[in-house]
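Here's the letter readout for the chains.
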Amino acid sequence: MQDNVKDSGITPSQTVGPFFKYGLTPNGEYAWNDAFTNSTLTPDVSGDRIRIEGRVFDGDGVVVPDVMLEIWQADAQGRFADPQDKRALPNASFRGFARCGTDKDGNYSFDTIKPGVVPDPDGKPQAPHIVLAVFGRGMLRHLYTRIYFSDEAGNADDPVLALVPADRRATLTAVREADRAVYRLDLRLQGDHETVFFDM
Amino acid sequence: MTFIYPTESNKAHPLPLSPDYKSSIKRAPNKPLIPMRHTLSELTGPVYGHETVREGDNDLTTQHSGEPIGERIIVHGHVRDEDGRGVPNSLVEIWQANSCGRYVHVRDQHPAPLDPNFTGAGRTVSDAAGYYRFVTIKPGAYPWGNHHNAWRPAHIHLSVFGHSFVTRLVTQMYFPNDPLFPFDPIFNSVPDEKARARMVSSFDLENTQPEWALCYRFDIVLRGKNATPMENH
């Protein structure tokens, strides 16, 4: 490859491969992996503390032990820890980002808070949601999806859920357990109950 | 339907289902992705992890008590958007095999030596102009089970955060003139030749340090935010 065939587009994505754990996810070989954990919780965070749990499956229904998930979300007031979001952050140390690798049984979990309402581009409210990116061996580009919550009435009017065929919305909805603040959502990369992934 | 970051740019990416890369067959979505407008959730992104980057985390050759085995190299470049603007304060994380083509990972059973002085992960934050720099060891090619006599071209994995969650990128940097390119289904999962070429670093003699290390330049190009956000209708 010579420089003269290069041009101005973006750098293409490539798979994270199977061997990212010591470089990226918590509990790897490096002390700095404490930079990223599966928790967004900070001492001063306000809001309802929740846990999200689930498993990841491939097209054969087999658990996937080598994917990495990243979440990005607003705080309980619907505000992002990003300089582009000019609204004041009441929870100064809340970052809204967490990273988790699946274990040998395909399990993942996040400890976080229930996010607040974020406006859509027209200013209409979106139901509380978390943006989720899925990276893995066999995945040449990461996939984007969203986590919604089963106990939110606003789901019925959410402009993004409205884009999704009704019979597939359950793949985006984490179901609250009866007696504790745990929501369950399995991800299916393929198949009849394939998780909805977004093109953006 | 409008987008703030052009979706046209995504054509540079690999096809999710690339059957020659066998692991993609059961892991690529079968159903079409659902197009959606970017909202604040997608247009914002984490500025996170930076505060724990220590001096020396970008030098993979000095993380242990002795010198790693292999060819010391410098890898540097700019994180830019597709309009050429540098992306400052971007966390760049890398991970790679050692000079023998072996990863520090329990599931890598390639019968090549592990190097006690090289574990193959580093990170840094781009400066105000988007510039980043690593010192590392040139990784070796290694065999994998995808097909008969399958060997990955030497590569370094990179993970980059841009200005938003939709500019998130994980890619692989390759080395110029690798004879394995024509045979590698991961490299060739990118259909466009010019886009594939953007994953190949350039040998950089000007910044090669005499008596010490060869240098490779690798510019990472993220999607560019439209200068004037479009009204949404």
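Rules behind the numbers
- Residues numbered from 1 in each chain as written.
- Chains lettered and ligands numbered in written order.
- Predicted model: local features only at pLDDT ≥ 70, side-chain atom pairs only at ≥ 80, totals over all residues.
- Heavy atoms only, no water.
- Core = buried A, V, L, I, M, F, W, Y, C linked by side-chain atoms within 4.5 Å.
- Buried < 20%, exposed > 50% of the residue type's maximum accessible area, 1.4 Å probe, protein only.
- Helix = DSSP H or I, 4+ residues; strand = E, 2+ residues; numbered from the N terminus.
- Contact = heavy atoms within 4.5 Å.
- Pairing = 2+ DSSP bridges.
- Axes fitted to C-alpha atoms, helices over the stretch in contact; angles between N-to-C directions.
- 1 Å grid on protein atoms, 1.4 Å probe; cavity = no way out; pocket = protein on both sides within 12 Å on 5 of 7 lines; lining within 4 Å.
- Points joined across faces, edges and corners; volume = space filled by probe spheres on them.
- Nonpolar A, V, L, I, M, F, W, Y, C, P; charged D, E, K, R; others polar.
- Phe/Tyr/Trp six-rings, centres within 6.5 Å; stacked < 30°, edge-to-face > 60°.
- Patch = residues over 30% accessible without salt bridge, like charges linked within 9 Å, V, L, I, M, F, W, Y side chains within 5 Å.
- Areas by Shrake-Rupley, 256 points an atom, 1.4 Å probe, with all protein chains shown as cover.
- Salt bridge = Lys/Arg side-chain N within 4 Å of Asp/Glu carboxyl O.

A.B. asks: It is not clear to me how the nonpolar core should be interpreted in this structure. Could you clarify?
C.D. replies: Soluble, globular proteins show a tendency: their nonpolar side chains are buried together. A:Phe36, A:Phe97, A:Leu172, A:Phe198, B:Trp95, B:Tyr103 and B:Phe165 are the most contacted members of the largest nonpolar core, which has 42 residues in total. Of all the elements in the fold, those that place two or more residues in this core are helix 1 (21-24), strand 2 (67-72), strand 7 (130-136) and strand 8 (143-149) of chain A together with strand 3 (91-96) of chain B. With three residues, the single largest contributor to this core is strand 7 of chain A. Leaving out residues up to four positions away in the same chain, A:Phe198 has contacts with A:Tyr144, A:Thr145, A:Arg146, A:Val160, A:Val164, A:Leu172, B:Leu33, B:Ile34 and B:Met36. With 24 residues, the next largest nonpolar core counts A:Ala98, A:Phe110, A:Tyr183 and A:Leu185 among its residues.

A.B. asks: Can you help me understand the sheet that holds strand 9 (residues 169-174) of chain B in this one?
C.D. replies: Remark on secondary structure: sheet strands pair via backbone hydrogen bonds, oriented parallel or antiparallel. Residues and elements named next belong to chain B. Sheet architecture is open: four strands sit in the order 4-3-8-9, paired in antiparallel fashion. Every other strand in the sheet has two partners, leaving strand 4 (121-125) and strand 9 as the edge strands with one partner each. Geometrically, the sheet is characterised by an average inter-axis angle of 20 degrees between neighbouring strands, direction not taken into account. In the sheet, strand 8 (residues 155-160) pairs with strand 9 via six bridges, with the strands oriented antiparallel. Paired with Val160 across the strands is Leu169, a residue of strand 9.

A.B. asks: Looking at this structure, how should I read unusual backbone geometry?
C.D. replies: Excluding glycine, residues mostly carry a negative phi; peptide bonds, for their part, are mostly trans. All names here are of chain B. Despite not being glycine, Asn89 has its phi angle at roughly 55 degrees, a positive value. Looking at where Asn89 falls in the secondary structure, it is placed in the loop between strand 2 (72-81) and strand 3. Non-glycine residue Asn149 carries a positive phi angle of around 55 degrees. By secondary structure assignment, the location of Asn149 is in the loop between strand 6 (142-143) and strand 7 (151-152).

A.B. asks: Would you take a moment to explain empty space enclosed by the protein for this structure?
C.D. replies: Leftover empty space is mapped by rolling, across the atoms, a probe with the size of a water molecule. Tallied over the entire structure, the rule returns four cavities of 30 Å³ or more. Its volume calculated, the largest cavity comes out at about 70 Å³. A:Ile10, A:Thr11, A:Arg141, A:His142, B:His13, B:Val166, B:Thr167, B:Arg168, B:Leu169, B:Val221, B:Leu222 and B:Arg223 are the residues that line the largest cavity. Across the lining of the largest cavity, the residue classes break down as five nonpolar, four polar and three charged. Estimated volume of the second largest cavity: approximately 40 Å³. Around the second largest cavity, the lining residues are A:Ser13, A:Gln14, A:Thr15, A:Val16, A:Phe135, A:Gly136, A:Met139, A:Arg141, A:His142 and B:Val170. Among the residues making up the lining of the second largest cavity, the classes are represented as four nonpolar, five polar and one charged.

A.B. asks: What is the right way to read the layout of surface pockets from this model?
C.D. replies: In this structure, the second largest pocket occupies an estimated 400 Å³ of space. In terms of lining residues, the second largest pocket is bounded by 24 residues, among which A:Pro18, A:Phe19, A:Arg137, B:Trp144 and B:Gly145 are the most central. Elements with a contribution of two residues or more to the lining of the second largest pocket: strand 6 and strand 8 of chain B.

A.B. asks: How do you make sense of the packing of aromatic side chains when you look at a structure like this?
C.D. replies: The geometry of an aromatic ring pair is captured by two quantities: the separation of the ring centres and the angle between the planes. This model, assessed by the stated rule, comprises 17 aromatic pairs over all chains. Where A:Phe97 meets B:Phe161, the ring centres are 5.3 Å apart and the plane angle is 85 degrees; that geometry is what we call edge-to-face. Remark: B:Phe161 occurs in the loop between strand 8 and strand 9 and A:Phe97 occurs in strand 3 (residues 97-101); the pair is interchain, linking two chains. Residue A:Phe97 is classed as buried on the basis of its relative accessible area, which comes to 1%. A residue is classified by how much of its surface remains accessible, and B:Phe161, at 5% relative accessible area, is buried. Seen in terms of ring centroids, A:Phe149 and A:Tyr183 are 5.0 Å apart; in terms of plane orientation they differ by 75 degrees. Their pairing is edge-to-face.

A.B. asks: Mind showing me how you'd approach a nonpolar patch on the surface here?
C.D. replies: Together, B:Phe203, B:Leu205 and B:Leu214 line one region of the surface with nonpolar side chains, adding up to about 290 Å² of accessible area. As for its position among the elements, B:Leu205 is in the loop between strand 10 (202-203) and strand 11 (214-217).

A.B. asks: Please explain the pattern of salt bridges as it appears in this structure.
C.D. replies: Between side chains of opposite charge, pairing is possible as soon as their charged atoms come close. Summed over the entire model, instances satisfying the criterion amount to 26 salt bridges over all chains. In this structure, A:Asp122 and B:Arg37 form a salt bridge, with 2.6 Å as the shortest nitrogen-oxygen distance. With one member in each of two chains, A:Asp122 in the loop between strand 5 (118-119) and strand 6 (125-126) and B:Arg37 in the loop between strand 1 (34-35) and helix 1 (40-43) form a pair that bridges those chains. By relative accessible area, which is 39% here, A:Asp122 ends up partly exposed. On the basis of relative accessibility, which here comes to 18%, the residue B:Arg37 falls in the buried class. As a salt-bridge pair, B:Glu8 and B:Lys11 come within 3.1 Å of each other at their nearest N and O atoms. Each member of the pair, B:Glu8 as well as B:Lys11, carries the same accessibility label: exposed. Overlapping salt bridges, with partners in common, bring together A:Arg51, A:Glu53, A:Asp111, A:Arg184 and A:Asp186 in one network.

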